[in-house]
Amino acid sequence: MNWITNYVRPRINSIFSRREMPENLWQKCDECGTMLFHRELSDNLNVCTNCGHHMAISPRARFKALFDGGIFTEIAVPEPVADPLQFRDQKKYPDRMKAAQRATGEKEAMLVAKGEIGRTPIIAAGQDFAFMAGSMGMYVGNAIIAAAETAVKLKCPLILFSAAGGARMQEGILSLMQMPRTTVAVQMLKEAGLPYIVVLTHPTTGGVTASYAMLGDVQIAEPNALICFAGPRVIEQTIREKLPEGFQRAEYLLDHGMLDRVTPRTELREELISITRMLLGLPPVIRGDLPAPTEEDKAPAGAKAAAEKSGKAGAKADKPAKAAKSK
């Protein structure tokens, strides 16, 4: 009886009550190894709730959290020539592009959008590291130019979120030419007197760091983001010395004067609202909606006090008259 109760019955129950658990419900933190529920992780903008490690986030998900009400409008980017060098390594360049588009659901490595943050109109551009390591090709150059031109046209700030492994080798010298092109685009903003804010995310390396990613009026980085031109492993192999702890990380660059702020992703929206309004000379953002003022509210304070006094005097005069009538 014990054998049937303790083994056979639980075994039968487990077979018939077994449910398949989807694999994408939980995600393991790369830093501390904690298993995080997918909804809890996405609500916290892909930041580990246990250790604060910042995981990768797509530009579209970032923009939904950045813009007021998650509402934004995409800005069209001119299409460059496809595969100008007929490049092929293990795969053809067009095949790599199609694979990246299927994996990310995006057309290219940068998304440009317009909307409002704290009721302040802005243009935002975000690189997607999941799309061929966010590499800077002709499309990315066109995207930054389109973002800068739209910002100048609408007279609003440009906020750029960088995440890239550098220039795109499949486009050769054409990808390197995006460095001066994007520098000219940033100069357009400066000549128009418009703020250009850069948020450097993990990782920002190579030609991206050597061009538009380090030209911001305000340089902000997410915690522990790798920001460099050549990576630490390449430098160690070149100089044959051990590098300091945390070398080329956001906190190290902040200590050495290359950044203005290191801000957690969950606090970034409020900081960007404050900075953009300050650079534009606007008053602090309104934190809540109030009802529209009535005509009485618009009247001067002295007039309100006189009206209140006259109302009280009229009420006192009415009391004896009412008493006389009752008698």
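Residues numbered from 1 in each chain as written. Predicted model: local features only at pLDDT ≥ 70, side-chain atom pairs only at ≥ 80, totals over all residues. Heavy atoms only, no water.

J.: What's the story with the packing of helix α3 (residues 59–66) against helix α11 (residues 265–279) in this structure? I'm lost.
T.: Helix-helix packing: each pair is described by the crossing angle between the helix axes and the interaxial distance. Packing of α3 against α11 leaves a shortest axis separation of 10 Å and a crossing angle of 55°. One way to sum up the angle between α3 and α11 is to call them oblique. Both α3 and α11 take part in a crossing whose hand is right-handed. Along the contact surface, α3 presents R62, A65 and L66, while α11 presents R265, L268, R269 and L272. Residues that form the contact of α3 with α11 fall into these classes: four nonpolar, no polar and three charged. (Axes fitted to C-alpha atoms, helices over the stretch in contact; angles between N-to-C directions. Helix = DSSP H or I, 4+ residues; strand = E, 2+ residues; numbered from the N terminus. Parallel < 35°, antiparallel > 145°, perpendicular 65-115°, else oblique. Left-handed = near helix turned anticlockwise from the far one by under 90°. Contact = heavy atoms within 4.5 Å. Nonpolar A, V, L, I, M, F, W, Y, C, P; charged D, E, K, R; others polar.)

J.: Sorry if this is basic, but what is going on with α11 here?
T.: The end-to-end C-alpha distance of α11 is 21 Å, a good match for the 21 Å that 15 residues give at a rise of 1.5 Å each. Every buried residue belonging to α11 is among R265, L268, E271, L272, I273, I275, T276 and R277, and all of these are buried. Of the residues one or two after α11, G281 is the one with positive phi, at around 70°. (Expected span 1.5 Å × (residues − 1). Buried < 20%, exposed > 50% of the residue type's maximum accessible area, 1.4 Å probe, protein only.)

J.: Please clarify how the layout of surface pockets should be interpreted in this entry.
T.: If a probe the size of a water molecule is rolled over the atoms, the empty space left behind becomes visible. Considered as a void within the structure, the largest pocket measures approximately 400 Å³ in volume. In terms of lining residues, the largest pocket is bounded by 23 residues, among which M55, A56, I57, H202 and R265 are the most central. Elements supplying a minimum of two residues to the lining of the largest pocket: α3, β6 (158–164) and β7 (196–204). At three residues, β7 tops the list of elements feeding residues into the lining of the largest pocket. Taken as a whole, the second largest pocket spans an internal volume of roughly 260 Å³. Lining the second largest pocket are 15 residues, with V81, A82, D83, M97 and E108 sitting closest to its centre. Per-element tally for the lining of the second largest pocket: the top contributor is helix α4 (residues 93–104), with five residues. Here the lining of the second largest pocket is built from residues that sort into eight nonpolar, one polar and six charged. (1 Å grid on protein atoms, 1.4 Å probe; cavity = no way out; pocket = protein on both sides within 12 Å on 5 of 7 lines; lining within 4 Å. Points joined across faces, edges and corners; volume = space filled by probe spheres on them.)

J.: For this particular structure, what's the right way to read helix α7 (residues 178–191)?
T.: Side chains three or four residues apart in an α-helix point the same way, a direct result of the helix having 3.6 residues per turn. In a regular helix each residue adds 1.5 Å, so 14 residues correspond to 20 Å; α7 covers 20 Å between its end C-alpha atoms and thus fits that length. Among all positions of α7, only Q178, T182, A185, V186 and L189 are buried. Mapping the buried residues of α7 onto a view down its axis gives an arc of 95°, with all of them on the same face. For α7, the exposed residues set more than 90 degrees away from the buried face come down to V184 and E191. Buried positions along α7 lie against α5 (138–154), β6, α6 (173–176) and β7. Backbone geometry just downstream of α7 places G193 in the positive-phi region, at approximately 70°. (Arc of directions from axis to C-beta.)

J.: Please clarify how the sheet that holds strand β8 (residues 218–221) should be interpreted in this entry.
T.: Each strand in a sheet pairs with another by means of backbone hydrogen bonds, the pair being arranged parallel or else antiparallel. Strand order in the open sheet formed by seven strands is β3-β4-β5-β6-β7-β8-β9, with mixed pairing between adjacent strands. Each edge of the sheet is formed by a strand with only one pairing partner; in this case those strands are β3 (72–74) and β9 (261–262). Relative to strand β5 (residues 120–127), strand β4 (residues 110–117) runs antiparallel, the two sharing eight bridges. Its bridge partner being in β5, I117 is matched across the sheet by T120. Packing against the sheet, α3 makes contact with β3, β4, β5, β6 and β7, and its axis sits at approximately 160° to β5. (Pairing = 2+ DSSP bridges.)

J.: Honestly, the environment of T183 in this entry has me stumped. Any pointers?
T.: Relative to the helices and strands, T183 is located in helix α7. When the C-alpha atoms of T183 and L215 are compared, they prove to be 7.9 Å apart, with 32 residues separating the residues in sequence. When neighbours within four sequence positions are excluded, T183 is seen to be in contact with S211 and L215. A distance of 2.7 Å separates a polar atom in the side chain of T183 from the backbone oxygen of M179. (Polar contact = N/O pair within 3.5 Å; in protein donor to acceptor, adjacent residues only side chain to side chain.)

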